[in-house]
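Topology and contacts: notes
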Amino acid sequence: MSETPTVKPDNTIKICLIGASGAGKTCFLGGLQLLSDLRQQSDLRTYTVDQETTQFLNATAQYLQAEQWPPPTAANSHLSLEIHLHNKNFQLNVLDYPGEDFLAALGNLNAHEDIKPLIEQFKSADIILFLIDVLMLQQYSPQVSKTLNALKESIKQSGQQVEAVAIALTKSDALNEEEQALGGQAFVERYLSGLKHVVQDANVNAEFFLVSATGGTTVADGASLPKADPRPVGYEALFDWMFKQHKFKKQRQRFIKPLLVALVLALIGGAFWGEHLYRQRQETAVARAVLADSGLNLQQQLSQLLSLNWQDEQLSRDLAQHVSDWLQNRQSQIAAAESVPQVQRMVAEVKALTEMASPWQSRFESVHEAAQQRLHELRVLQVRRALEQRQVDFPDVFQQFERDYPSSPALATLRAQFEQVQAALAREELEKIRNIPLRTQDGFRSVAEALTRFIEKHPNYPALAALEEVRRVSRLFAQQTEFKVHVAWSVAGTRPVSHRLEVVVGNEPAFILTGGDQTVRRSWDAQRTVRWRVGEPVTVSLWQDNTLFSNELLGEKRETGGLALLLFSDVVDLNPRAEVNGDIKVKFTLTDISPETAAYVKQYLSPQ
């Protein structure tokens, strides 16, 4: 915040700030200082005109930035500052005083010396800024009523021309998101109808605004304190409204001269044309001034013209030409528009004019229809671009279009394109999952996690059941290291011998089965537990004992990688010499994994 030369008095809006005790006057002023910081990304800038104001506001803002509330005001502090917002200038005179004093000041314009500065500010103000704590409205309701009645009586006694009263409901960050989204006026109408009636009964031009000097609070040691990074909210809307009220007053003043001319003409012709002609000429002069005012848009002009009682053929022709030119210009702008927001603004503008410009309603409806058609065309292009470029938000863009234009002739084509893009992205995502290495338990775990995300993201994927089974298998292999194996072993030979079946997992023997009797044909049935880690090779071998010191390897089977465990869910043929020893087959059954699971392992988890 810095000191700056003041603007010309004609270009300033004088504001007098009042409020009850605890309403947040000091914090409100601190919020103005915070908004002047460029990091707040606000167009509002505050400038002081004296050292006392600079020190006061800097100290108040420092309290808020340090997560502390400023101390209550114990004595009068006269502050003078200027506020600039969107090339609009405000001169804010503040007497930051103990809150209990302001009712006495308003109720007695001949008050004692301590509150005379407040009375002077009040008398010279264009707009009154009245602060109320939104959390204390129920308790303050009688006091608010007394304050507004005191305002009304004080205005009457002092004879000043107060344009409006802006009622700022402070500490609005304590409301929930739904209440804050309503805005001040709608919030009061929905939840505080009693306050609305109090303002109506006082018969003052007032508007409500939700304001917070910090944008939120935190709780520490049971106390509510400003948050670490205070961000004031609601200030811009408040000052914009005050500017509009002041602008309306200046517009009315601009029309005084033509009104006086009309008045003189009416008086001169009154003897011939009577009171009716006098009033008609008076309002015709005002109507001409409104039509000639380039600072008003068409909606403002029509609103004012329709409220006047004028009859003038030339003025009617001029107005008709003015409307025709406007419609033609808008038609060209709509046809050339390339931006969805730009056309949306024009659609809303033409719709509002259609409802009020009854003499040209059909023409406005035609332009409105053209705007709607152009908006539809741009929305179709927007969806196609999002789909073609595979923008991150393409599902939201398409679904919003589907809600807005359920009968659009382009919807079927866009839906087909949308589904194609989704299917292509799903295939690409699945291909990435298939490329995850499956050499360790971490690989299987990564597949399971990736498939979980995929299934949540694509709940309508055609092969969802198969993917669910693959995910289940991946989890099984990633988490489980111990399996139960059922072994069925049959041997048929031409002579009595002893056999030994060995199973090795990795480099460690898993189990050994031996046959003690030497018969020509025998079979065993055994249940064994195998500990297996993904990536370890599995070797199955069958040995024959020829003599006490001589062993012969009859057959061996070895598998590595993700399929190694499948040896335990199949028939392993260990018969390289069938003509000598007959059938030598070992049938393994992995009791913890079904044949379907084994099939999925072969299909999806085998090394590529």
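Residues numbered from 1 in each chain as written. Predicted model: local features only at pLDDT ≥ 70, side-chain atom pairs only at ≥ 80, totals over all residues. Heavy atoms only, no water.

Section: the overall build of the protein
Operational definition: Strands are runs of DSSP state E lasting at least two residues, helices are runs of H or I lasting at least four, and both sets are numbered from the N terminus onward. Only protein chains enter the calculation, and the probe is 1.4 Å; a residue is then buried if its accessible area is under 20% of its type maximum, exposed if over 50%, and partly exposed in between. For this analysis, residues touch if any pair of their heavy atoms sits within 4.5 Å. We get accessible surface area from the Shrake-Rupley algorithm with a probe of 1.4 Å; when it comes to residues, only the shown protein chains can shield them.
Looking only at helices and strands, the protein has 20 helices and 17 strands in total. Taking all 608 residues of the protein together, 45% fall into the buried category. If you take every contact in the protein between residues at least 6 apart in sequence, the share linking residues at least 24 apart comes to 68%. A total of about 32100 Å² of accessible surface is found on the protein, and carbon and sulfur atoms cover 49% of it.

Overview of the packing of aromatic side chains
Rule in force here: Stacked, edge-to-face and tilted labels apply to pairs of Phe, Tyr and Trp rings (six-membered ring for Trp) whose centres lie within 6.5 Å, assigned for plane angles under 30 degrees, over 60, and everything in between, in that order.
As enumerated under the stated definition, the model contains seven aromatic pairs in all. On the numbers, 4.8 Å between centres and 20° between planes, the contact of Phe28 with Tyr235 is stacked. Of the two residues, Phe28 sits in helix α1 (residues 25-35) while Tyr235 sits in helix α9 (residues 235-254), which places them 207 residues apart along the sequence. Across the pair, Tyr235 and Phe28 agree in class, each one buried. These aromatic residues form a ring-pair network of at least three members: Phe394, Phe398 and Phe418.

Focus: the environment of Ile593
Position of Ile593 relative to the elements: it lies in the loop between β17 (584-590) and α20 (595-604). What makes Ile593 buried here is its relative accessible area of 10%. In sequence terms Ile593 and Leu476 are 117 residues apart; their C-alpha atoms lie 9.2 Å from each other.

Some details on the packing of helix α12 (residues 313-336) against helix α13 (residues 340-356)
Here is the rule we go by: Axes here refer to lines fitted to C-alpha atoms; in helices the fit is confined to the stretch in contact. Angles between the N-to-C directions go from 0 to 180 degrees. Put simply, angles under 35 degrees are roughly parallel, angles over 145 are roughly antiparallel, angles from 65 to 115 are roughly perpendicular, and the rest are oblique. Handedness of a crossing follows from how the near helix is turned relative to the far one, being left-handed for an anticlockwise turn of less than a right angle and right-handed for a clockwise one. Here the nonpolar group is Ala, Val, Leu, Ile, Met, Phe, Trp, Tyr, Cys and Pro; Asp, Glu, Lys and Arg are the charged ones; every other residue, Gly included, is treated as polar.
One way to put it is that α12 packs onto α13 with a least axis distance of 12 Å and a crossing angle of 155°. Between α12 and α13, the interaxial angle falls into the category roughly antiparallel. In the crossing of α12 with α13, the sense of the turn from one axis to the other is left-handed. Across the interface between the two elements, Trp326, Arg330, Gln333 and Ile334 from α12 touch Met346, Glu349, Val350 and Leu353 from α13. Within the contact of α12 with α13, the residues separate by chemical class into five nonpolar, one polar and two charged.

As for the pairing of strand β8 (residues 206-210)
Quick note on the threshold: At least two bridges found by DSSP between two strands are what make those strands a pair.
Here β8 lies mainly inside the structure; four of its five residues are buried. Two strands pair when backbone bridges link them, and strand β7 (residues 164-170) and β8 are joined in this way by five bridges, in the parallel orientation. When the sheet's bridge partners are listed, Ala168 is paired in β8 with Phe209.

Here's the deal with the pattern of salt bridges
Two side chains that carry opposite charge are able to pair once their charged atoms sit near each other. We count it as follows: By convention in these notes, a salt bridge is any Lys or Arg side-chain nitrogen within 4 Å of a carboxyl oxygen on Asp or Glu.
For the structure on display, the rule yields 13 salt bridges. Its salt-bridge partner being Glu338, residue Arg374 comes within 3.5 Å of it at the nearest N-O pair. Placement of Arg374 in helix α14 (residues 361-388) and of Glu338 in the loop between α12 and α13 is noted, with a sequence separation of 36 residues between them. Residue class for Glu338 comes out exposed when judged on its relative accessible area of 64%.

With respect to the environment of Ser339
Among the secondary structure elements, Ser339 is positioned in the loop between α12 and α13. For the pair Ser339 and Arg379, spaced 40 residues apart in the sequence, the C-alpha separation amounts to 9.3 Å.

As for helix α17 (residues 441-457)
So the rule is basically this: Every helix has an expected span of 1.5 Å times one less than the residues it contains.
Its 17 residues place the ends of α17 24 Å apart at the C-alpha level, agreeing with the 24 Å of an ideal helix rising 1.5 Å per residue. Turning to α17, its buried residues are Gln441, Gly443, Phe444, Val447, Ala448, Ala450, Leu451, Thr452, Phe454 and Ile455.

Observations regarding the side chain of Thr452
Counted only if it meets this: Under this definition, polar contacts are N or O atom pairs within 3.5 Å; protein pairs additionally need one hydrogen-donor-capable and one acceptor-capable atom, and for neighbouring residues in sequence, both atoms have to be side-chain atoms.
Summarising the element assignment, Thr452 is placed in helix α17. A residue is classified by how much of its surface remains accessible, and Thr452, at 16% relative accessible area, is buried. A polar contact of 2.9 Å, which involves the side chain of Thr452, links it to the backbone oxygen of Ala448. If sequence neighbours within four positions are ignored, Thr452 has contacts with Arg471 and Arg475.

Topic: the pairing of strand β6 (residues 127-133)
Taking burial as the measure, the seven residues of β6 include seven buried ones, the bulk of the element. Residue alternation in β6 divides its side chains into two sets, Ile127, Leu129, Leu131 and Asp133 and Ile128, Phe130 and Ile132, and both sets are buried. One ladder, built from five bridges, connects strand β2 (residues 14-19) with β6; its direction is parallel. The partner of Ile15 across the bridge, within β6, is Ile127. Where β6 lies against β7, seven bridges are found, and the strand directions are parallel. Bridge pairing in β7 places Leu129 opposite Ala166.

Concerning helix α11 (residues 298-306)
Since the α-helix packs 3.6 residues into each turn, any two residues three or four apart lie on the same face. Quick reminder of the rule: This arc is built from the directions going out from the helix axis to the C-beta atoms.
Where α11 is concerned, the buried positions are Leu298, Gln301, Leu302 and Leu305. The buried residues of α11 occupy an angular sector of 95° when projected down its axis, which confines them to one face. Structurally, the start of α11 carries an N-cap: the backbone nitrogen of Gln299 is 3.1 Å from a side-chain oxygen of Asn297.

Considering the confidence of the model for the protein
How we decide: Known as pLDDT, the predictor's confidence for each residue is given on a scale from 0 to 100.
In the predicted model, the protein carries a mean pLDDT of 75, and the fraction of residues at 70 or more is 73%. No element of the protein has a lower mean pLDDT than helix α19 (residues 578-581), which averages 45, and none a higher one than helix α15 (residues 394-404), which averages 90. Low pLDDT, under 50, characterises residues 5-9; the stretch is placed with seven contacts to residues that sit more than four places away or in other chains. Note on residues 259-275: pLDDT under 50 across the span, and eleven contacts to partners over four residues away in sequence or across chains.

Focus on the nonpolar core
Stated formally: Note on terminology: a nonpolar core comprises buried Ala, Val, Leu, Ile, Met, Phe, Trp, Tyr and Cys residues joined through side-chain atoms within 4.5 Å.
Membership of the largest hydrophobic core comes to 44 residues, with the highest contact counts inside it found for Phe477, Val487, Leu501, Trp532, Leu565, Phe568 and Phe588. For this core, the secondary-structure elements that each account for two or more residues are α16 (411-434), α17, α18 (464-479), β11 (482-505), β12 (508-514), β13 (519-531), β14 (538-545) and β17. Core analysis: the second largest hydrophobic core is formed by 43 residues, Leu353, Ala371, Leu387 and Phe401 among them.

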